[in-house]
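For reference, the chains in residue letters:
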Amino acid sequence: MTATAESPAVGEVQAMLVTLRILRSKPEGSDDHAPGEQYWQEFQVEAHATDRVLDALHKIKWEQDGSLAFRRSCAHGVCGSDAMRINARNRLACKTLLKDLNPAKPIIVEPIKGLPVEKDLIVDMEPFFASYREIMPFLMTTGNAPTRERLQSPEERARFDDTTKCIMCAACTTSCPVFWTDGQYFGPQAIVGAHRFIFDSRDEGQWDRLEVLNDKAGVWKCRTAFNCTEACPRGIEVTKAISEVKKALTTGAI
Amino acid sequence: MTASSPEFVPGPKIKEPRIVSGRVRPGAEQWSWRFMRLSGPVLVVLILTHLFVNLMTGDGISQIDFAFVAGKWAAPLWQWWDFLMLALAMLHGGNGMRLLINDYAHRAWLNKTLHGALGVAVLGIIVLGSLVIWTFDPCPIDADPSLLPSFCEDVR
Ligand code: HEM
Ligand code: FES
């Protein structure tokens, strides 16, 4: 017998109680906590195993504590707003299902590391964007603009296809141990952003970007830790892209 | 300033430009990176051969004494071998420590002090070690003959 609308029990997902342990902070402080002081707070919400961490955060914000601050926009893994450190790994809250996290234990939610925390799970993304601007993430060409689109073969496109997937969520950059300690390093995302143009046959600014990345704060700071590749919610092979940029610099061939 | 005034730029305002990475020595970090990858494999060969010759051949670990070392350093091959091992290990390890200092020592004076101390240590150890290797006398005049390599008898 096939399931019909009259048999709602079929395939029903059981509701359960999950605990979220959230690392919070308030710039204005409170009676118990100094301004900016970080502290843990636990919340219990009723949720389904197929819910996402973002749904649980919404439940907390909408039903329990409206002061909980986090970013999200699309809620579907496209805009890159809600990268956070969930159970000690950087992920998008909107793409992380509770059932993949062992909901029997408290789920630890922290802001991404290495950027200044502004409030709760919200960090100041400006240093991250500043690095991105530094590698000039726009098409650079010489001569007159063609009257039709700039053509490219599928093979030419394939060289940088992977790095076009970046949504600038900062999960990679803020998973990088060099970025945590260094304070100068451009970070994996800026290199991914540069890779997307360096290996684009239509672009002519490759060597301007490569010169920026050959700098003290550039690709040579990468120690091949692979944290970035593991963190990327888009599955970009970040470490591979960084290595391709290093290779372009050491061989002089793009 | 309002959104309609001409100097208004939308978007968050940029604080202090974060990256003040001076392009003082262009390509320096690239050479550091190349050196680590070149010296690493060379060190593997040098160190493994060193360990094999000292510990596995002949009488193995029980052969190592003053006479054994003196015998090795009587041969230019082992003098050069040990010198290369010393110099590369110190430069490779020293450059690695330089990376770590740059990672963690952000205050200018601390960064400078640690780099200075590291430089002195690396150079000092290379100089002292080289002196031992190149000016080594296997048959000191007033030493106990039983500790000396056999060929010293001919020298006396
Ligand atoms: C035995 C063969 C060796 C190989 C193959 C090797 C290889 C390497 C490589 C490729 C790096 C660069 C890592 C990176 O930048 O991502 C490195 C870093 C380093 N090496 Fe070696 N190495 C060897 C021996 C040594 C020795 C003998 C020392 C100490 C005297 C040493 C100390 C260091 C240090 C301190 C670093 C920096 C670590 C870091 O960047 O986090 N290595 N090594
Ligand atoms: S909310 Fe847009 S990526 Fe998650």
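What counts as what
Residues numbered from 1 in each chain as written. Chains lettered and ligands numbered in written order. Predicted model: local features only at pLDDT ≥ 70, side-chain atom pairs only at ≥ 80, totals over all residues. Heavy atoms only, no water. Domains from an automatic or database assignment. Contact = heavy atoms within 4.5 Å. Buried area = accessible area lost by both parts, 1.4 Å probe. Salt bridge = Lys/Arg side-chain N within 4 Å of Asp/Glu carboxyl O. Polar contact = N/O pair within 3.5 Å; in protein donor to acceptor, adjacent residues only side chain to side chain. Helix = DSSP H or I, 4+ residues; strand = E, 2+ residues; numbered from the N terminus. Nonpolar A, V, L, I, M, F, W, Y, C, P; charged D, E, K, R; others polar. Near = heavy atom within 4 Å.

Turning our eyes to something else, we now look at the domain arrangement of chain A. For interface size, the figure often reported is the accessible area lost on association. All names here are of chain A. Split into domains, chain A comes out as domain 1 (16–123) and domain 2 (126–140 + 151–251). Each partner contributes residues to the interface: domain 1 has 15 residues there, and domain 2 has 15 residues. The largest contributions to the domain 1 side of the interface with domain 2 come from Asn 90, Lys 113 and Leu 115, which together make up 40% of the buried area. Linking domain 1 with domain 2 are 0 salt bridges. Linking domain 1 to domain 2 there are 4 residue pairs in polar contact (both at pLDDT 80 or more). Counting residues per element, the ones that place at least two in the side of domain 1 that touches domain 2 are strand E3 (83–86) and strand E4 (89–92). Top element by residues in the side of domain 1 that touches domain 2 is E4. It accounts for 3 residues. In terms of residue class, the side of domain 1 that touches domain 2 is made up of 7 nonpolar, 4 polar and 4 charged.

Here we come to the site of ligand 1. Around ligand 1, 14 residues are found, and the nearest of them are Arg 223 of chain A together with Met 36, Arg 37, His 92 and Gly 96 of chain B. Residues lining ligand 1 come from chains A and B. Between His 92 of chain B and ligand 1, the recorded distance is 2.8 Å, taken from a side-chain N or O atom to a nitrogen atom. Listed by contribution, the elements that provide at least two residues to the shell around ligand 1 are helix H1 (28–55) and helix H3 (76–104) of chain B. Considering every element that reaches the shell around ligand 1, the biggest residue donor is H3 of chain B, with 7 residues. In terms of residue class, the shell around ligand 1 is made up of 8 nonpolar, 4 polar and 2 charged.

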